[in-house]
Amino acid sequence: GAAAPVYTTKNTSPTGSYRFTATAGGNYVVSVTEYDAAGKHAAPAKETLTVPYDDTSFTLSGAWRTVAGATDYAGSHVETSAKGAFATATAAGRSYTLLVRTGPSAGKLAVFEGKKHIGTYDLFSSKPGHTTIPFFGGDKTPGKKRTFIFKSNGVPGTFSSGAVIGLDGLAVGR
């Protein structure tokens, strides 16, 4: 969409926060400019905030289940250990990062753009947790609509006791 300020103020306390409702898949530029007592200002500090699509945005095929989790993005993730089960996501952007669950029973996840294999990722970790996998693109990648497939190999990770794949979301940089 069009770039328009969500919040603007010139007089605020030196500490504090501002809360707004973001759109799934949205990219927001947070800009802060510091002013001294004489009104002189520093160069703005800018940071891009990317709001992920939640696991509910994936199209699922095969045996998946939704699992509630207090540490999951938006409170849940989807998981499977079934060989061949896959999730599909379509979004327009330049860079794509998958939010996944990791743990001692996590398996290997294959990622495809259409039929092209991008990579296989071992989601094993000694303790349950989360990680992000930047799997496609960057600032110089042309922005366009792409479809990705996230497929369970049904194969345990290198040191894993299982083959569980947990998908929590997809962050798309524009």
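Quantities reported herein were computed from a predicted structural model and do not represent experimental measurements.

Let's shift gears to a nonpolar patch on the surface. A cluster of nonpolar side chains, namely Val6, Tyr7 and Tyr18, defines an oily patch on the protein surface of about 300 Å² accessible area. On the secondary structure map, valine 6 appears in the segment before β1 (27-32).

Moving on to the packing of aromatic side chains. Taken as a whole, this structure holds eight aromatic pairs when the rule is applied. With a centroid separation of 5.5 Å and an interplanar angle of 85°, the aromatic rings of phenylalanine 135 and phenylalanine 150 are classed as edge-to-face. In this pair, phenylalanine 135 is assigned in strand β11 (residues 129-137) and phenylalanine 150 in strand β12 (residues 144-156), connecting sequence segments 15 residues apart. Take phenylalanine 135 and phenylalanine 150: they sit in the same class, and that class is buried. Pairwise contacts between aromatic rings join Phe58, Tyr96, Phe135, Phe136, Phe148 and Phe150 into one cluster.

It is worth spelling out the pattern of salt bridges at this point. This model, assessed by the stated rule, comprises three salt bridges. Measuring nitrogen to oxygen at the nearest pair gives 2.6 Å for the salt bridge that ties arginine 65 to glutamate 79. Separated by 14 residues along the polypeptide, arginine 65 in strand β5 (residues 65-68) and glutamate 79 in strand β6 (residues 76-80) bring together distant segments of the chain. Aspartate 72 is the partner of arginine 101 in a salt bridge, and the nearest nitrogen-oxygen pair spans 2.8 Å. Taken together, the positions of arginine 101 in strand β8 (residues 95-102) and aspartate 72 in the loop between β5 and β6 put the pair 29 residues apart, joining distant regions of the chain. Here arginine 101 matches aspartate 72 in class, with each residue buried.

Moving on: the sheet that holds β12. One key point about sheets: their strands pair by backbone hydrogen bonds, in either a parallel or an antiparallel sense. Read from one edge to the other, the open sheet built from five strands follows the order β4-β7-β12-β9-β10, with strand pairing classed as antiparallel. Of all the strands in the sheet, the pair left with one neighbour each is β4 (59-61) and β10 (116-122). Direction aside, neighbouring strands of the sheet carry axes that sit 25° apart on average.

Where burial is concerned, most of strand β13 (residues 165-173) is hidden: nine out of the nine residues are buried. Summarising the sheet, strand β3 (residues 53-54) and β13 pair through two bridges and their orientation is antiparallel. Bridge pairing links aspartate 54 to glycine 169 in β13. In this sheet, β13 lies alongside β6 in antiparallel orientation, the contact comprising three bridges. Bridge pairing in β13 places glutamate 79 opposite glycine 166. Pairing between β8 and β13: seven bridges, direction antiparallel. Looking across to β13, one finds that serine 95 is bridged to glycine 173.

Our next topic: the side chain of serine 160. Here serine 160 shows up in the loop between β12 and β13. Here proline 104 takes part through its backbone oxygen, which lies 3.1 Å from a polar atom of the side chain of serine 160. Beyond its immediate chain neighbours, meaning those up to four positions away, serine 160 contacts Pro104, Ser105, Ala106 and Phe124.

Attention now moves to the nonpolar core. Ranked by internal contacts, the top residues of the largest apolar core, which has 23 residues, are Leu98, Leu109, Phe135, Phe150, Leu167 and Leu170. Secondary structure elements with two or more residues in this core: β7 (86-93), β8, β9 (107-113), β11, β12 and β13. Counting residues per element, this core draws most heavily on β13, at four residues. With near-sequence residues (within four places) excluded, leucine 98 lies in contact with Phe58, Leu109, Thr131, Thr132, Ile133, Phe135, Phe150, Leu167, Gly169 and Leu170.

The rules behind the values
- Residues numbered from 1 in each chain as written.
- Predicted model: local features only at pLDDT ≥ 70, side-chain atom pairs only at ≥ 80, totals over all residues.
- Heavy atoms only, no water.
- Patch = residues over 30% accessible without salt bridge, like charges linked within 9 Å, V, L, I, M, F, W, Y side chains within 5 Å.
- Areas by Shrake-Rupley, 256 points an atom, 1.4 Å probe, with all protein chains shown as cover.
- Salt bridge = Lys/Arg side-chain N within 4 Å of Asp/Glu carboxyl O.
- Helix = DSSP H or I, 4+ residues; strand = E, 2+ residues; numbered from the N terminus.
- Phe/Tyr/Trp six-rings, centres within 6.5 Å; stacked < 30°, edge-to-face > 60°.
- Buried < 20%, exposed > 50% of the residue type's maximum accessible area, 1.4 Å probe, protein only.
- Pairing = 2+ DSSP bridges.
- Axes fitted to C-alpha atoms, helices over the stretch in contact; angles between N-to-C directions.
- Polar contact = N/O pair within 3.5 Å; in protein donor to acceptor, adjacent residues only side chain to side chain.
- Contact = heavy atoms within 4.5 Å.
- Core = buried A, V, L, I, M, F, W, Y, C linked by side-chain atoms within 4.5 Å.

This is a description of form; function is not addressed.
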